[in-house]
Amino acid sequence: MPFASPFGAYLAPVRSGWGEDRSYRGGIHEGVDLLVPVGTPVLAIASGVVDQAHHDPCNTAGKHVGVVHADGWRSVYMHFSRVDVQRGQQVVAGQVLGLSGRTGGGQRGAGCTFDPDTEAHVHLSLMRRADLAGAPRGGSRGDYVNVPAEPHVPAAYEQGLVDRLARQFGIKPAAILAAAGGGLLALLAGLAFGWWWLRRKRRRR
């Protein structure tokens, strides 16, 4: 099913993606962390029913929301400063679920927020019903298993590519997006041409 961006037209830089090393949850990061200023409205990526609406900041996920969608999908949004929905509530794609923040991360002091060195971000997890994902039911995530979010959430995926390219070429993601006017295909074509030109120039030396 199609999913929208959790921030509308805003493309949030990717702090860390699926599969990066972690000291918890089996040692891998099961989601994508998207950098946004504190207080940014976080939107439902598809219509569904809220099955989690946690207001307690003092856990790894902080204040967070889970939404069950059609066709066996589920999305989870973590580290809110404020939750604006209730469990059992029907939501539509693009509806505000709450505001981004810095809660969670396992920090018990200072209001249960991130340590000062951790940037404010929203963790987005995309989950698939275990039987549809080909996994056994009843695991540590109940009836759902985590799947990489980037291929299914275009804005996060496109920004993930931009972020990786920015690190490779040593350019700020915002500068790349501004230069490309937000067009990913034009951006990729331009970078590909630049890479080809640099290699060609080096061969002539």
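Quick caveat, the model's predicted, so the values are computed rather than measured.

(A) Looking closely at unusual backbone geometry. Even without glycine at this site, Asp-71 takes up a positive phi of about 60°. Within the secondary structure layout, Asp-71 lies in the loop between β5 (63-68) and β6 (73-83). Positive phi values are uncommon outside glycine, yet His-79 reaches one of about 75°. Of note, His-79 is situated in strand β6.

(B) Spatial organisation of the environment of Gly-88. Relative to the helices and strands, Gly-88 is located in the loop between β6 and β7 (90-91). Residues Gly-88 and Val-67, spaced 21 residues apart in sequence, show a C-alpha to C-alpha distance of 9.3 Å. If sequence neighbours within four positions are ignored, Gly-88 has contacts with Val-49 and Val-50.

(C) Expanded view of the pairing of strand β9 (residues 121-129). For β9, a buried count of 8 out of 9 residues is recorded, marking the element as mostly surrounded by other parts of the structure. Taken together, the 4 bridges between strand β2 (residues 32-35) and β9 define a ladder with antiparallel strand orientation. Among the inter-strand pairings, Val-32 is bridged to a residue of β9, identified as Leu-124. Note: β6 against β9, 6 bridges, orientation antiparallel. Residue pairing in the sheet places Tyr-77 in a bridge with Leu-124 of β9. Here 4 bridges tie β9 to strand β10 (residues 144-147), and the two strands are oriented antiparallel to one another. Each bridged residue has a counterpart across the sheet, and for Arg-129 the counterpart in β10 is Tyr-144.

(D) Structural view of the pairing of β6. Of all 11 residues in β6, 9 are buried, a share of seventy percent or more. Here 5 bridges tie β5 to β6, and the two strands are oriented antiparallel to one another. Residue pairing in the sheet places Val-68 in a bridge with Arg-74 of β6. From the end of β5 to the start of β6, which pair antiparallel, there are 4 residues, and Asp-71 there has a positive phi angle of about 60°. Sheet topology places β6 next to strand β8 (residues 96-100); 3 bridges connect them, and they run antiparallel. From the neighbouring strand, Val-83 faces β8, where its bridge partner is Gly-98.

Conventions used here
Residues numbered from 1 in each chain as written. Predicted model: local features only at pLDDT ≥ 70, side-chain atom pairs only at ≥ 80, totals over all residues. Heavy atoms only, no water. Helix = DSSP H or I, 4+ residues; strand = E, 2+ residues; numbered from the N terminus. Contact = heavy atoms within 4.5 Å. Buried < 20%, exposed > 50% of the residue type's maximum accessible area, 1.4 Å probe, protein only. Pairing = 2+ DSSP bridges.

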